[in-house]
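Here is what each chain is made of, one letter per residue.
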Amino acid sequence: MAGNDWLNSYLEAILDVGPGLDDAKSSLLLRERGRFSPTRYFVEEVIGFDETDLYRSWVRASSTRSPQERNTRLENMCWRIWNLARQKKQLESEAAQRVNKRRLERERGRREATADMSEDLSEGEKGDPVSDASAHGDANRARLPRISSADAMETWANSQKGKKLYIVLISIHGLIRGENMELGRDSDTGGQVKYVVELARALGSMPGVYRVDLLTRQVSAPDVDWSYGEPTEMLTPRDADDFGDDMGESSGSYIVRIPFGPRNKYIPKELLWPYIPEFVDGALNHVIQMSKSLGEQIGSGHAIWPVAIHGHYADAGDSAALLSGALNVPMLFTGHSLGRDKLEQLLKQGRLSKDEINATYKIMRRIEAEELALDGSEIVITSTRQEIEEQWRLYDGFDPVLERKIRARIRRNVSCYGRFMPRMATIPPGMEFHHIVPQDGDIEGEPEGNLDHPAPQDPPIWSEIMRFFTNPRKPMILALARPDPKKNITTLVKAFGECRPLQELANLTLIMGNRDGIDEMSSTNASVLLSVLKLIDKYDLYGQVAYPKHHKQSDVPDIYRLAAKTKGVFINPAFIEPFGLTLIEAAAHGLPIVATKNGGPVDIHRVLDNGLLIDPHDQQSIADALLKLVSNKQLWAKCRQNGLKNIHLFSWPEHCKTYLSKIATCKPRHPQWQRSEDGGESSESESPGDSLRDIQDLSLNLKFSLDGEKSGGSGNDNSLDSDGNAADRRAKLENAVLSWSKGISKDMRRSGVTEKSDQNPNAGKFPPLRRRKHLFVIAVDSDTTSGLFETIKVIFESAGKDRAEGSVGFILSTSLTLSEIQSFLVSGGLSPSDFDAYICNSGSDLYYPSLNPEDRPFVVDLYYHSHIEYRWGGEGLRKTLVRWADSITDKKGGNDEQIVSPAEQLSTDYCYAFKVRKPGMAPPVKELRKLLRIQALRCHPIYCQNGTRLNVIPVLASRSQALRYLYVRWGFELSKMVVFAGECGDTDYEGLLGGLHKSVILKGVGSSAISQLHNNRNYPLSDVMPLDSPNIVEATEGSSGADIQALIEKVGYLSG
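Keep in mind that this is a model prediction, so the values were computed, not measured.

A. Region of interest: the overall build of the protein. Of the regular secondary structure elements, the protein holds 38 helices and 29 strands. The 1056 residues of the protein split such that 58% are buried. Once local pairs closer than 6 in sequence are excluded, the contacts in the protein between residues at least 24 apart make up 73%. Working note: accessible area of the protein is about 44,500 Å², and carbon and sulfur atoms make up 49% of it.

B. Geometry of the pairing of strand β25 (residues 939–944). Here β25 lies mainly inside the structure; six of its six residues are buried. The side-chain alternation of β25 yields two buried faces, one formed by Cys939, Pro941 and Tyr943 and the other by His940, Ile942 and Cys944. By the bridge criterion, six bridges tie β25 to strand β26 (residues 949–954) in an arrangement that is antiparallel. Residue pairing in the sheet places Cys944 in a bridge with Arg949 of β26. As consecutive antiparallel partners, β25 and β26 are separated by four residues, and within that stretch Gln945 has a phi angle of approximately 50 degrees, a positive value.

C. Structural detail: the nonpolar core. Membership of the largest hydrophobic core comes to 100 residues, with the highest contact counts inside it found for Ile170, Phe279, Leu284, Leu327, Trp392, Tyr848 and Leu966. Setting aside residues up to four positions removed in sequence, Leu284 forms contacts with Leu323, Ala326, Leu327, Arg964, Tyr967, Val968 and Leu974. Counting residues in each nonpolar core, the second largest holds 72 residues, with Leu478, Ile536, Val556 and Ala586 among its members.

D. Highlighting the sheet that holds strand β24 (residues 912–916). The antiparallel open sheet is built from four strands, whose spatial order is β23-β24-β26-β25. The sheet is open, and its two borders are formed by β23 (900–902) and β25, each paired with just one other strand. Strand-to-strand twist across the sheet, computed as the mean angle between neighbouring axes with direction ignored, equals 25 degrees. As paired strands, β24 and β26 are joined by four bridges and run antiparallel to one another. Looking at the pairing, Ala913 lines up with Asn951 of β26. Lying on the sheet, helix α34 (residues 925–934) is in contact with β25 and β26; it crosses β25 at an angle near 160 degrees.

E. Summary view of the pattern of salt bridges. Tallying each qualifying case throughout the model produces 41 salt bridges. Where Glu371 meets Arg340, a salt bridge forms, and the shortest distance between an N and an O atom there is 3.3 Å. Remark: Arg340 occurs in helix α11 (residues 339–349) and Glu371 occurs in helix α13 (residues 363–376); sequence separation between them is 31 residues. No difference in accessibility class separates Glu371 from Arg340, as the two residues are buried. We note a salt bridge from Arg933 to Asp375, for which the minimum N-O separation is 2.9 Å.

F. Summary view of the packing of helix α10 (residues 313–327) against α13. Following both chains from N to C, one finds α10 and α13 inclined at 45 degrees, their axes separated by 8 Å at the closest point. The orientation of α10 with respect to α13, classified from their angle, is oblique. The handedness of the crossing between α10 and α13 is left-handed. Contact with α10, carried on its side by Tyr313, Ala314, Gly317, Asp318 and Ala321, involves Arg365, Arg366, Ala369, Glu370, Leu372 and Ala373 of α13 and no other residues of that element. Tallied by class, residues from the contact of α10 with α13 come to six nonpolar, one polar and four charged.

G. Just the packing of aromatic side chains, in detail. Throughout the structure, instances matching the rule amount to 16 aromatic pairs. Consider the rings of Tyr864 and Tyr965, whose centres lie 4.9 Å apart with planes at 70 degrees: the pair is edge-to-face. Residue Tyr864 is found in helix α32 (residues 862–868), and its partner Tyr965 is found in helix α35 (residues 959–970); the two are separated by 101 residues along the sequence. Pairwise contacts between aromatic rings join Phe776, Phe796, Phe810, Phe835, Tyr838, Phe858 and Phe980 into one cluster. Here Arg211 stacks its cationic end above the ring of Tyr254, 4.1 Å away from the centre of that ring.

H. Spatial organisation of the sheet that holds strand β9 (residues 476–480). The strand order across the open sheet built from six strands is β11-β10-β9-β12-β13-β14, with neighbouring strands paired in parallel fashion. Each edge of the open sheet carries a strand with a single partner, namely β11 (545–546) and β14 (611–614). With three bridges connecting them, strand β12 (residues 569–572) and strand β13 (residues 593–596) associate as parallel partners. Residue pairing across strands places Ile571 opposite Val594, the latter belonging to β13. Packing of helix α24 (residues 619–631) onto the sheet brings it into contact with β9, β12, β13 and β14, and relative to β14 it is tilted by some 175 degrees.

I. Representation of α24 within the structure. Over its 13 residues, α24 runs 18 Å from end to end, which matches the ideal 18 Å to within 8%, given 1.5 Å per residue. Where α24 is concerned, the buried positions are Ile622, Ala623, Ala625, Leu626, Leu629 and Val630. Across the axial projection of α24, the buried residues extend over an arc of 165 degrees, all falling on one side.

J. A look at α34. Among the residues making up α34, those that are buried are Val925, Leu928, Arg929, Leu932, Arg933 and Ile934. Turning to α34, the residues buried within the fold contact α5 (67–116), α13, α15 (400–411), α33 (874–887), β25 and β26.

K. Structural context of empty space enclosed by the protein. With the rule as written, the count across this model stands at eight cavities of 30 Å³ or more. Arg929, His940, Thr987, Glu990 and Tyr1019 are, among the 38 residues lining the largest cavity, the residues nearest its centre. Taken as a whole, the second largest cavity encloses approximately 80 Å³ of empty space. As for the second largest cavity, its lining consists of Ser324, Gly325, Ala326, Asn328, Arg669, Tyr864, His867, Ile868, Tyr870, Leu956 and Gln961.

L. How the structure looks around the side chain of Asp396. Tracing the backbone shows Asp396 in the loop between α14 (385–391) and α15. Polar side-chain contacts of Asp396 include one of 3.5 Å to the side chain of Arg340. Discounting chain neighbours no more than four positions away, the residues touching Asp396 are Arg106, Arg340, Glu371, Lys930, Arg933 and Ile934.

M. Main features of the packing of helix α9 (residues 276–298) against α35. Here α9 crosses α35 at 15 degrees, and the two axes come no closer than 11 Å. When the interaxial angle is binned, α9 and α35 end up roughly parallel. Of the two elements, α9 crosses α35, and the hand of that crossing is right-handed. Note on element contacts: α35 touches α9 through Arg964, Tyr967 and Val968, opposite Pro277, Val280, Asp281, Leu284, Asn285, Ile288 and Gln289. For the contact of α9 with α35, the class distribution of residues is six nonpolar, two polar and two charged.

N. Looking closely at the environment of Ala586. The residue Ala586 is located in helix α22 (residues 581–588) in this model. The buried category is assigned to Ala586, whose relative accessible area is 0%. In the structure, Ala586 is positioned 29 residues away from Pro557 in sequence and 8.6 Å away in space, judged by C-alpha atoms. Discounting chain neighbours no more than four positions away, the residues touching Ala586 are Tyr560, Phe570, Leu591 and Ile593.

O. Structural detail: the side chain of Arg959. In this fold, Arg959 is placed in helix α35. Using a relative accessible area of 0% as the deciding quantity, one classes Arg959 as buried. Of note is the side chain of Arg959, whose polar atom sits 3.0 Å from the side chain of Asp781. Discounting chain neighbours no more than four positions away, the residues touching Arg959 are Ala779, Asp781, Ser813, Thr814, Ile839, Ser842, Gly843, Asp986, Asp988 and Leu992.

P. Main features of the environment of Gly1041. Its location among the elements puts Gly1041 in helix α38 (residues 1041–1050). Taking C-alpha positions, Gly1041 is 6.0 Å from Ile795, a pair spaced 246 residues apart along the chain. Not counting residues up to four positions away in its chain, the partners in contact with Gly1041 are Val794, Glu797 and Ser798.

Q. Up close: unusual backbone geometry. For Asn180, which is not glycine, the phi torsion reads 50 degrees and is therefore positive. The residue Asn180 is located in the loop between β1 (165–170) and α8 (191–204) in this model. For Asn180, a relative accessible area of 65% corresponds to the exposed category.

R. Broad picture of the confidence of the model for the protein. Summing up the model confidence of the protein, the mean pLDDT is 80 and the portion of residues at 70 or higher is 76%. Contacts for the low-pLDDT stretch residues 674–700, under 50 throughout, to residues beyond four places or in other chains number 60 contacts.

Parameters and conventions
- Residues numbered from 1 in each chain as written.
- Predicted model: local features only at pLDDT ≥ 70, side-chain atom pairs only at ≥ 80, totals over all residues.
- Heavy atoms only, no water.
- Helix = DSSP H or I, 4+ residues; strand = E, 2+ residues; numbered from the N terminus.
- Buried < 20%, exposed > 50% of the residue type's maximum accessible area, 1.4 Å probe, protein only.
- Contact = heavy atoms within 4.5 Å.
- Areas by Shrake-Rupley, 256 points an atom, 1.4 Å probe, with all protein chains shown as cover.
- Pairing = 2+ DSSP bridges.
- Core = buried A, V, L, I, M, F, W, Y, C linked by side-chain atoms within 4.5 Å.
- Axes fitted to C-alpha atoms, helices over the stretch in contact; angles between N-to-C directions.
- Salt bridge = Lys/Arg side-chain N within 4 Å of Asp/Glu carboxyl O.
- Parallel < 35°, antiparallel > 145°, perpendicular 65-115°, else oblique.
- Left-handed = near helix turned anticlockwise from the far one by under 90°.
- Nonpolar A, V, L, I, M, F, W, Y, C, P; charged D, E, K, R; others polar.
- Phe/Tyr/Trp six-rings, centres within 6.5 Å; stacked < 30°, edge-to-face > 60°.
- Lys NZ or Arg CZ within 6 Å of the ring centre and 35° of its normal.
- Expected span 1.5 Å × (residues − 1).
- Arc of directions from axis to C-beta.
- 1 Å grid on protein atoms, 1.4 Å probe; cavity = no way out; pocket = protein on both sides within 12 Å on 5 of 7 lines; lining within 4 Å.
- Points joined across faces, edges and corners; volume = space filled by probe spheres on them.
- Polar contact = N/O pair within 3.5 Å; in protein donor to acceptor, adjacent residues only side chain to side chain.
- pLDDT = per-residue confidence, 0-100.

Structure below.
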């Protein structure tokens, strides 16, 4: 109730009475109005959590002349305060319950994970669970790996010159351009926009970095500038010499705008979620083309893949996870602002329920995107340790204590049993200091103009500030923050007002944003400003406090310069400050700092050593720190000198050096088929002789399915195969490939295909999908196999003569195993060659029909396994899943019947399958995913087969990702695919509909039993379904092949 002391007596009286107030004790004045229950009305109707407007209500009440009306207004206020306090207590209780529940879940998961990692813990793994929360970042504690001199920077730069790195940054919301950024235009175009642009610009100027692409959304809306619709924009370096000798045709930093979402419309970030897959497909196309182009320029013909893909904010984190998974390259993530932290804050405010918060902010989808980013990231970059200790630890996918134990085991080269945790790296944001030149003459000598009467050339903002002061020559205490209660400006004014020596030595300047009228401000901001004005009046600070109404962004450096001229001090008294960029800006201008001891300023002060830290709740501590710096000129000069000496540690070159050193620690990953043992690449040319060269490459990554069951190496460190079995398997593979090669040669001779043939230059390509014009992907999750067969029959008919001519191919995408698919094909009278590829086990396996079906019908793509095995938990994950399945029992009948049980015969190396006997009683996917994340196990659980089966596959594997793999591997464009899906489907259903491909929704396909699987989601399916997309069409229930053909032709397919 800060600022509302005048109501304390009323509040105490109301709280003393408590909920026992009833109509009998109600005000006579209220009851005289008729059958009116003040209790019911004010408890049920007058519900508000915004304390800031109570002052306005008080003003209105106190100014009312009628005693009767005034008493009525005051009673209204008392009921509101009582209700406010009651609900706040309820919120605090609910928050405590959430924290306790999360703590218990975390401790249980930590115990189980530690038990699985059964080796004795070393001293490096032991520690107090409380202190361990911050211990995981020991490398960041006062030992940031920074360059301390120009010589060291030059030495490091020389060591990087031989590298030619390609880096991809992603920031998809807001309006992004290189110059004249419209910061503050809306809530999406703020500090993050400036940060990512300057990061891209700085990275592009670093030694060893050849190209940096900042991917964002292309916006061609009439209400925004035309520049946001330009496909590409080069970011010019601050210094033309920065590029040195690394200039090339495509070198430098670029903003690349990918079109996705509604055309000609700028939409807020909360509405972008349904269009993320479309962005990923567009970004994938750009990166592949750029990698090939760079390979031709600097890679001797070999593609130059990104060394890392870095997502910024939740939406870009989700995109980066999918993109890095499709390309098999390392991922980095920066959260900027985290969804769980925001959800906690909004729930504490109590103005909105959780459902209302999600409807407004799509907060649950945002949180799931951040969890997925944790699953896929190798490194999470933060600005401060506070972000790690107070915010990231709220997430299921990150536990500081468990992370420390896993990291210790990795250092000792001990197995972690399938558990992974991203590394947290604290790298403070960089700044541009090239335009800041502190001049000693301005500080030590007489200024050019008289501060009482500024010179004409002085910045206009100086006179705007100094007009407030009776004595403008006194040192200036500068605070620059919006009028938000969290910024704690009122405590600063109180500290200044109650310290007479400080008033005599200094002036106070408050830059509190821009305003026209107080009534036009938000109630929260207006309340803070009114409190400041009241305090100025209370302490009679007129002539000593400046609070200008307006300033431009370009005025901020001049404001710092004015404070430095007067030998002033900069203060940030916020209750908690995530980073504190203004502290660095102030130090760069030669200002000592006084800052809160909560959050990022601690890290900044440790590096700069240019001021004092204070307890923001201690008014006397604030006054003492300010007085100490203002009165002690030697201390002031020392702090100023330290700040200027160390400020380069926060420059962009320093930031980028640390950034690149972190990337260098990532294990290099890229598409493996680009380098076969004979030195040749997988051919993607149109030569009819390609198939013969492909044989040599495919022998390394395609393996015959010998029995239709498990095939291919798991890639896990838990393999139980002996060396003899491995040798035997290799021998079988070599013989199979040799016989298959001979079979292909015979087939080619029989069909008359030679290198000189020009009748059908693509006829010899393997797999057959490479010679198609379009691909129809059948991803229908039917109730029965007969229903699936009828759907396939209709889709085959819709292709018409294009199927017979071979211009249209088909892919079957399903949760079935390969043996189940084989049985299905036989029962339906279909041949393996009717499909060009089979995406099996919910996307964890990929097969092609063999060209020699008499011996073996299918070939498995082992390179796909190497593509998706990132962070696959293997045997450690399987044991945890079996233990979980044993705990899921039906206790109602007293028999403890098991609901979920392992299905060994349905499992493969990259898909652990479980049978679900009672789908209605099985835990929802979100609970299983949460349990596994808490134990640092990264995977993708999917309910399928009408909820009767659970498939657990690698975290970045899915049926939609398999389609992206086909594009990366074989070059078949996603825009030439048509995905057929039912009206509902397995729990991975949402991934099938978005993207560049066309989607046909078959109405009436997909039972209500399937739809029940989606009821217990983290977020509504409607939040992520792009049903307004022109790429999605619907076929009415019972549509014939001709009807579907007409529908497809309408959207531009099968028409040439």
